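# Results of the structural survey
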Amino acid sequence: MNLRRKILAASTILSLAAMSAPVLAEELRFTVWTGGEAHLRMLNEIAESFKVTHPDVTVRFETIPAADYTQKLTFQLAGGNPPDLGWMMEDAAPTFAAAGVLMDLGPTLREAEGYDFADYSQPALGLWTDGEAVYGVPFSTSPFMIFYNKTLFDEAGLEDPLQLAASGKWNMDTFQEVARTIKEKTGKWGFEFKDGQGYESRIMHALMPPIRAYGGDVWANGECGFDKPEAVQAVQQLHDMVFKDKSIVPPGEQGDYFSGSSAMTMNQISRASKMPEAGFEWGIAPLPSGPAGESPVIGQAAIVVFERGEQKELAAEFVAHMTNKENVAKMAQFFPPARKSVLESEAFTSANAIIPPEQMAHVSDAIEKGKVLPSHEKSPQILAAMAPRVDALWKADADVKQALDGVCAAIEPLL
Amino acid sequence: MADTLTDKTSARTWRAPRLTLRRREAIEAWLFVSPTVAGFLLFFLGPLVAVVYFSLTEWNLLTQEATFVGVKNYVDALSQNPDFWHVLRNSFVFAIGLVPLNMSLALTLALALSRPFRGVVFFRTVFFAPVVTSAVAWAIVWRFLLQGEGGAVNQLLAIVGIGGPNWLREPDWAMVAVIVTRVIKMVGLNMILYIAALQAIPRDYEAAARLEGASNWQIFRMVIWPLLAPTTLVIFVITMIGSFKVFDHIYLMTGGGPENGTLVLAFYIYEQGFKFFNVGYASALAMIMFVIVLVLTVIQMTLRRKDMR
């Protein structure tokens, strides 16, 4: 009797515990590099809608600034405190995938109801899949666009990049010309590299688009492309713009597009959220074409789940939720989608609150034609090896060809 | 026995002699220092021993794979890697530039500000304020001031007809710039130490020397400077160690560039460990840095001891 009672009591406690377990609130930690209010509001809305199917799951978004993002993420992983989910940039993807720290989301996504994994564009998934395995779902396949300050173009009496593009005259030569004219007529800088970091943390963003416009590449199939004639020509032009025309914000100088100090910069549409408060008229246009025609460059970022996270199954379910059709459409105002159905929908070009449809059409166009930035398993080492050689390039008296030969000599053993 | 246990007062008087005063004090002292000792063991000695072990492994931070490789990392650093010697040279240049500049400036300021006069507190505050300023804010402001063309420093130089360089973009000038901005940031601390030492010197010594007809320079050279020797030693050691360990300033001002011109050892260790994830190699470099600083400190202390004799 006594024993039976004990068993009964124990089983009651156990079954109560089993029943109450799913009721316990769970939290998923999600690292992102945006701190923008509009972005976070949207992300929190998506997290809120996850509660329909998972009432007790909250998702906490943790902002880590982009410049240190990959390092800080690594510290958290190495310190045994991995986030459950995170954004990941294209240049970090191969390193992390090769290290085996990313969870294969393939099974979860293919089984998720109404998910339609085949809707994702294959080229966009290239960096994130390996056979059947899916290590990340791109949430942003965002081409680099020219942001221009219409007010400054008007002041200088120039056609703006969008108008030039419409008449088929928007190429590397007119790009150089308008930048020079802006500098001469308004005293402001013609062009600023992405976020003003083209000489430091954004070397690739600075050099890659012109090199591709000239038909070159930075590296391909283990071979360095910086010393090829197309790349040399492209970089020579940038070099002239910095040191002869003095129309690009030079190294060591601060010229902020968003506060009106530069007439043009290159960035992605997620940054358009900064524009309404900029205090000048603005627009976006495609990258100038070059001798190789149009060659848009795409920066990509994906959502990943960390293999060592304790709630990785739940985290994978959240990825399936966050990247379903409805939510991808929602995110598309900031982060261009890799889902064909959303990309081709009217909603993508016409529903953006900040950017007019005619400009969004250029974004869709660029996504279709563009190539993703280069990445490599040894990206951090390659960039560090390049950095001092690229420093040598950005001097008034530098021999561009020689400097680029130096870049290749430094990175070739790593490719 | 039973009696003593039942009678509390006698129990106390019976127990007390077991601990001598000396012993009791020792136990109390250990209890007082135990939190610090625990912290020292846990957060200092533990990691230090761990670093020694890590330095003998090849450990990838990201994959968490570690293999024991013996002294390979040390051999690689000292004989295989040309960057290492370049980085070491930069560290020495930084220290050799920073330490004398910092110390001489600190002493000069201390001599000027050790005696009370109207506004002395204001000036002391002005020179000490950078020490407590955020390193990030400091670096951002200086990056603006040191811009090539639009920078305030070069505009000031232009007034007197000097065309300033693009400070943070030319390797040699960048080194000068990080040294000088670091000195301005940290000099206040050494100044305070010197002021304290100067104020501890009895005024009678100076008065006596003056009666003997000594000039200001002689008083400084023969009376004050020798009395400052212990302070000078301390300041030298902490400033030198600090200059070898400099990281945040480099990270924020130049990121080791341009052309690796300001890539110093501590920053290089960070790059190896946290950018390339080679924790084993980074640990070996950290041990090398530890030995360098240790040797320099010992040399300095031995010289000073001889000097005092």
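Residues numbered from 1 in each chain as written. Chains lettered and ligands numbered in written order. Predicted model: local features only at pLDDT ≥ 70, side-chain atom pairs only at ≥ 80, totals over all residues.

### With respect to the overall build of chain A
Secondary structure summary: chain A contains 18 helices and 14 strands in total. On C-alpha atoms alone, chain A measures out to a radius of gyration of 24 Å, which is about the 22 Å that the 2.2 N^0.38 rule sets for 415 residues. In terms of overall dimensions, chain A has C-alpha extents of about 100 × 45 × 35 Å along its principal axes. When burial is assessed residue by residue, chain A has 49% of its 415 residues classed as buried. Long-range contacts, defined as pairs at least 24 residues apart, comprise 74% of the intrachain contacts of chain A with a sequence gap of at least 6. (Helix = DSSP H or I, 4+ residues; strand = E, 2+ residues; numbered from the N terminus. Rg over C-alpha atoms; globule rule 2.2 N^0.38 Å. Buried ≥ 20, exposed ≤ 12 C-beta atoms within 10 Å, placed from the backbone. Contact = placed C-beta atoms within 7 Å.)

### Things to note about the pairing of strand β11 (residues 262-267) of chain A
Residues and elements named next belong to chain A. Within β11, six of the six residues are buried, which leaves it mostly tucked inside the rest of the structure. Direction of pairing for strand β7 (residues 145-149) relative to β11: antiparallel, over a ladder of four bridges. Bridge pairing in β11 links Phe 147 to Thr 265. Relative to β11, strand β8 (residues 189-192) runs parallel, the two being bridged by three bridges. Its bridge partner lying in β11, Glu 192 is registered against Thr 265. (Pairing = 2+ DSSP bridges.)

### Structural notes on the confidence of the model for chain B
Residue and element names in this part refer to chain B. For chain B, the mean per-residue pLDDT works out to 89, and 94% of the residues sit at or above 70. The secondary structure element of chain B with the lowest average pLDDT is helix α1 (residues 2-6), at 48, and the one with the highest is helix α9 (residues 171-199), at 95. Per-residue pLDDT stays below 50 along residues 1-6; that stretch engages in four contacts with residues further than four places along the chain or on separate chains. (pLDDT = per-residue confidence, 0-100.)

### Notes on the interface of chain B and chain A
On the side of chain A, 21 residues touch chain B, which itself brings 21 residues to the contact. In terms of residue count, helix α14 (residues 265-275) of chain B provides more of the side of chain B that touches chain A than any other element does, three residues in total. Classifying every residue of the side of chain B that touches chain A gives eight nonpolar, eight polar and five charged. (Nonpolar A, V, L, I, M, F, W, Y, C, P; charged D, E, K, R; others polar.)

### Some thoughts on the environment of Ala 208 of chain B
All names here are of chain B. Assignment of secondary structure puts Ala 208 in helix α10 (residues 203-211). Overall, Ala 208 belongs to the partly exposed group, with 13 C-beta atoms counted inside 10 Å. With 11 residues separating them along the chain, Ala 208 and Ile 219 place their C-alpha atoms 9.8 Å apart.

### Thoughts on unusual backbone geometry
Despite not being glycine, Asp 195 of chain A shows a phi value in the positive range, around 55°. For Asp 195 of chain A, the location among the structural elements is in the loop between β8 and α10 (203-213). Judged by local crowding, Asp 195 of chain A falls into the partly exposed class, with 19 C-beta atoms found within 10 Å. Of note in the backbone geometry, Asn 260 of chain B takes a positive phi value of approximately 60° without being a glycine. By the element assignment, Asn 260 of chain B lies in the loop between α13 (248-253) and α14. The buried category is assigned to Asn 260 of chain B, around which 21 C-beta atoms lie within 10 Å.

### Brief notes about the domain arrangement of chain B
Splitting chain B by domain gives domain 1 (21-46) and domain 2 (74-308). Distance between the C-alpha centres of domain 1 of chain B and domain 2 of chain B: 34 Å. (Domains from an automatic or database assignment.)

### Observations concerning the domain arrangement of chain A
All names here are of chain A. Taken domain by domain, chain A consists of domain 1 (25-142 + 299-371) and domain 2 (145-295 + 378-414). If you look at the interface, domain 1 gives 22 residues, while domain 2 gives 18 residues. Elements supplying a minimum of two residues to the side of domain 1 that touches domain 2: α2 (37-49), α4 (93-98), β6 (137-143) and α16 (357-369). Broken down by element, the residue count for the side of domain 1 that touches domain 2 peaks at five residues, all from α16. Class assignment of the residues belonging to the side of domain 1 that touches domain 2 gives a composition of 11 nonpolar, eight polar and three charged.

### Some details on the sheet that holds β8 of chain A
Residue and element names in this part refer to chain A. Read across the sheet, four strands follow the order β8-β11-β7-β12 without closing on themselves; strand pairing throughout is mixed. The outermost strands of the open sheet, each flanked by one partner alone, are β8 and β12 (282-285). Put simply, the sheet's adjacent strands are angled 20° from each other on average, direction ignored. (Axes fitted to C-alpha atoms, helices over the stretch in contact; angles between N-to-C directions.)

### What about the confidence of the model for chain A?
This prediction gives chain A a mean pLDDT of 89; 94% of its residues lie at or above 70. Contacts from residues 19-23 of chain A, a stretch scored under 50 in pLDDT, to residues over four places away or in other chains number one contact.

### Overview of the nonpolar core
In this structure, Val 319 of chain A together with Val 264 of chain B are the most contacted members of the largest nonpolar core, which totals 174 residues. Top element by residues in this core is α9 of chain B. It accounts for 12 residues. With residues near it in sequence (within four places) discarded, Val 319 of chain A still touches Leu 85, Leu 105, Val 137, Ile 303 and Val 305 of chain A. (Core = buried A, V, L, I, M, F, W, Y, C linked by C-beta atoms within 7 Å.)

### Some thoughts on the packing of helix α5 (residues 82-113) of chain B against α9 of chain B
Residue and element names in this part refer to chain B. Packing of α5 against α9 leaves a shortest axis separation of 7 Å and a crossing angle of 40°. In this view, α5 runs oblique relative to α9, as classed from their interaxial angle. Pair α5 / α9 crosses with right-handed handedness. Residues of the contact of α5 with α9, tallied by class, amount to 20 nonpolar, three polar and one charged. (Parallel < 35°, antiparallel > 145°, perpendicular 65-115°, else oblique. Left-handed = near helix turned anticlockwise from the far one by under 90°.)

### Let's talk about the packing of α9 of chain B against helix α12 (residues 229-244) of chain B
Packed helices, taken two at a time, are described by their axes: the angle between them and the distance between them. All names here are of chain B. For the pair α9 and α12, the least separation of the axes is 10 Å and the interaxial angle reads 170°. With respect to their mutual orientation, α9 and α12 come out roughly antiparallel. Contact with α9, carried on its side by Asn 190, Leu 193, Tyr 194 and Ala 197, involves Thr 231, Ile 235 and Thr 239 of α12 and no other residues of that element. Of the residues that constitute the contact of α9 with α12, the class distribution is four nonpolar, three polar and no charged.

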